[in-house]
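Chain by chain, the residues run as shown.
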Amino acid sequence: MTGVFDHPWLSGLFADTEVAALWSAEAQLSHMLAFEAAWSRHGHLAGLWAKDDGAAAASAIEGVTLAPEELRDGTAKDGVCVPVLVRLLKERTGAIAIHKGATSQDLVDTATVLSLVQSLDLIDLRLAQLASELNALEDRFGTSPLMGRTRMQAAMPITVADRVQTWRLPLDTHRDRLAQLRPRVALVQIGGAAGDRAALGADEDAVSEAVAGELGLSATPQCWHAMRDGIGEAASVLALITGTLGKMGQDICLMAQQGIDEIKMEGGGGSSAMPHKQNPVMAELLVTLARYNAVQLSGVHQAMVHEQERSGAAWALEWMLLPQMVQATGRALVVASDVTSQITSIGTPDLLS
């Protein structure tokens with residue numbers, strides 16, 4: 001059984017094809033080739049090779065076609081795809097101005113960041129869209145009465161707006177978090193063999209800034225090989241977003257219960273045994289995705305513990321967890337928008353009598 005995000009039928013519930021494309025093997029390989037081309041193009045700034053040799057190598061790299069499957073056996077042997085990638089690039093381009101002074105983690109981390117930044121931009125757009133949709137929902141039903149419930153027991157009357165605002169208002173805060181996060185994760189990774197950029201000599205900043213600028217990232221005064229707080233923070237924000245959406249989903253599930261009937265929706269899920277049922281499948285999915293990300297977050301935070309200048313074990317754990325958290329977040333935002341559009345009425349009219 002494969003993972004739910006790409007399973008033949010479970011993907012119908014869990015998959016986000018737009019986010020998945022940003023993390024596909026093809027996208028990651030494209031990002032790694034972009035790094036290698038930029039490295040070749042600017043390596044002359046540190047005297048790694050002649051400018052013309054670097055330019056020729058960069059142009060050749062940009063014309064290379066590689067299939068992701070070609071990296072499989074080498075990854076199994078070396079624990080990372082970069083040694084086989086570099087070997088194939090040298091074989092197919094005939095260039096020598098390739099990769100010298102960089103290391104595998106520089107390549108893989110930068111590719112990860114490029115996918116992550118694109119994903120965060122997409123998530124921000126979806127947050128804005130959902131906030132607008134929930135605002136429209138308040139405009140339609142906000143003044144309607146609703147029974148306020150504390151500890152799942154009837155408490156005092158409130159309005160629909162009171163509850164919907166607990167779904168909507170955190171979305172703006174999450175967008176603020178993303179804006180604050182972006183400059184802390186949109187960073188090129190350049191450290192070289194032991195993370196000290198020794199191969200670049202006194203011109204390390206020039207190379208770092210040139211490569212970062214070409215890739216649309218920022219340079220750093222030191223590599224972040226073993227400083228993973230940016231990745232940890234990104235995962236935290238993802239979990240906060242899905243947590244907010246999970247709260248929304250949980251509320252809707254409870255409001256839709258027969259006998260409560262505080263919300264009416266179109267497009268509920270059917271039952272094989274009870275045709276009369278309309279299950280709140282999408283609202284339930286919001287709860288599931290929130291809990292999934294909450295669990296994965298602990299793993300990403302475990303992956304912050306890198307020993308000395310580089311870890312293989314902690315680093316690989318990030319590969320397993322971060323892309324799935326991004327996809328869960330993207331999917332949750334799509335589902336939340338779909339759920340909002342399916343609401344036909346909300347409130348407790350009996351409170352007026």
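About the cut-offs
Residues numbered from 1 in each chain as written. Predicted model: local features only at pLDDT ≥ 70, side-chain atom pairs only at ≥ 80, totals over all residues. Heavy atoms only, no water. Helix = DSSP H or I, 4+ residues; strand = E, 2+ residues; numbered from the N terminus. Contact = heavy atoms within 4.5 Å. Polar contact = N/O pair within 3.5 Å; in protein donor to acceptor, adjacent residues only side chain to side chain. Salt bridge = Lys/Arg side-chain N within 4 Å of Asp/Glu carboxyl O. Axes fitted to C-alpha atoms, helices over the stretch in contact; angles between N-to-C directions. Parallel < 35°, antiparallel > 145°, perpendicular 65-115°, else oblique. Left-handed = near helix turned anticlockwise from the far one by under 90°. Nonpolar A, V, L, I, M, F, W, Y, C, P; charged D, E, K, R; others polar. Expected span 1.5 Å × (residues − 1). Bend = angle between axes of the 7 residues up to and from the residue. Buried < 20%, exposed > 50% of the residue type's maximum accessible area, 1.4 Å probe, protein only.

1. Thoughts on the environment of aspartate 16
- On the secondary structure map, aspartate 16 appears in the loop between α1 (11-14) and α2 (17-22).
- C-alpha separation for the pair aspartate 16 and alanine 332, spaced 316 residues apart in sequence, amounts to 9.0 Å.
- Leave out the neighbours within four places in its chain, and aspartate 16 touches Arg126, Gln327, Gly330, Arg331 and Val334.
- A polar contact of 3.3 Å, which involves the side chain of aspartate 16, links it to the backbone nitrogen of arginine 331.

2. Things to note about the pattern of salt bridges
- Under the counting rule described, the total for this entry stands at 18 salt bridges.
- Across the salt bridge formed by aspartate 78 and lysine 77, the nearest N and O atoms sit 3.3 Å from each other.
- Two residues, aspartate 109 and arginine 228, come together in a salt bridge whose shortest N-O distance is 2.9 Å. Taken as a pair, aspartate 109 in helix α7 (residues 104-141) and arginine 228 in the loop between α9 (204-215) and α10 (229-255) lie far apart in primary sequence, 119 residues in all.
- Where salt bridges share partners, they join Asp16, Glu18 and Arg126 into one cluster.

3. Describing the packing of helix α3 (residues 25-42) against helix α6 (residues 82-93)
- One can describe the packing of α3 onto α6 by two numbers: an axis separation of 12 Å at closest approach and a directional angle of 60°. Considered as vectors, α3 and α6 are oriented oblique to each other. With respect to the hand of their crossing, α3 and α6 are arranged in right-handed fashion. Along its contact with α3, which presents Leu29, Met32, Leu33 and Glu36, the element α6 presents Leu85, Val86 and Leu89.
- When grouped by side-chain class, the residues that make up the contact of α3 with α6 number six nonpolar, no polar and one charged.

4. Remarks on helix α8 (residues 160-185)
- For α8, built from 26 residues, the straight-helix expectation of 38 Å at 1.5 Å per residue is met to within 8% by its first-to-last C-alpha distance of 38 Å.
- Along its length, α8 shows its largest kink, about 35°, at threonine 166, and proline proline 170 lies within four residues downstream of that point.
- Inspection of α8 places Val160, Ala161, Arg163, Val164, Trp167, Arg168, Leu171, His174, Leu178, Leu181 and Val185 among the buried residues, and these make up the whole buried set.
- Summarising the contacts, the buried residues of α8 are in contact with α7, β1 (145-150), β2 (153-159), α10 and β4 (343-346).

5. Digging into unusual backbone geometry
- Not every positive phi belongs to a glycine, and arginine 197 is a case in point at roughly 55°.
- Locating arginine 197 in the fold gives a position in the loop between α8 and α9.
- For glutamine 308, which is not a glycine, the phi torsion comes out positive at approximately 50°.
- Residue placement: glutamine 308 occurs in the loop between α11 (281-302) and α12 (313-342).

So far we have only geometry, and geometry alone does not tell us how the molecule works.
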